[in-house]
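Coordinate inspection notes
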Amino acid sequence: MGILKTAIIGAAVYAGVKYITKKDPVTGQSIVDELLDRAPQWADKAKGYAEDLKTRASNAAEDLAR
């Protein structure tokens with residue numbers, strides 16, 4: 001039973017990797033390529049959210065200190 005379970009999980013992982021690395025015939029990019037292209041934008045957005053959260057936390061701390 002264990003070897004069958006391992007074989008099924010391995011086949012699923014293989015199919016998933018094959019799917020996300022398959023090139024789109026129209027754009028010529030895979031899902032991984034698109035994610036890698038968008039990663040810097042997401043990092044910049046995350047930094048902006050982090051700064052906003054820090055300012056909100058400091059403002060809340062100042063309000064509580066009063």
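Structure's up top.
All of the points below concern the structure found in this document. (Residues numbered from 1 in each chain as written. Predicted model: local features only at pLDDT ≥ 70, side-chain atom pairs only at ≥ 80, totals over all residues. Heavy atoms only, no water.)

This next bit is on the overall build of the protein. Each helix and strand in the protein was counted, giving two helices and zero strands. Its C-alpha radius of gyration of 22 Å places the protein more than 25% over the 11 Å reference for a compact globule of 66 residues. Evaluated residue by residue, the protein yields a buried proportion of 2% over its 66 residues. Carbon and sulfur atoms make up 65% of the accessible area of the protein, which amounts to about 6000 Å² in all. The averaged location of the 9 negative side-chain charges in the protein is 8 Å from the averaged location of its 10 positive side-chain charges. (Helix = DSSP H or I, 4+ residues; strand = E, 2+ residues; numbered from the N terminus. Rg over C-alpha atoms; globule rule 2.2 N^0.38 Å. Buried < 20%, exposed > 50% of the residue type's maximum accessible area, 1.4 Å probe, protein only. Areas by Shrake-Rupley, 256 points an atom, 1.4 Å probe, with all protein chains shown as cover. Lys, Arg positive; Asp, Glu negative; His and termini not counted. Charge placed at Lys NZ, Arg CZ, Asp CG, Glu CD.)

Moving on to the pattern of salt bridges. By the definition in use, this model includes two salt bridges. Among the salt bridges present, the one from Lys-23 reaches Asp-33, with a minimum N-O distance of 2.7 Å. Of the two residues, Lys-23 sits in the loop between α1 (2–21) and α2 (31–65) while Asp-33 sits in helix α2, which places them ten residues apart along the sequence. Linking Asp-52 and Arg-56 is a salt bridge whose minimum nitrogen-to-oxygen distance equals 3.4 Å. Of this pair, Asp-52 and Arg-56 both sit in helix α2, separated by four residues, roughly a single helical turn. Among the residues examined, Arg-56 registers a relative accessible area of 57% and is labelled exposed. (Salt bridge = Lys/Arg side-chain N within 4 Å of Asp/Glu carboxyl O.)

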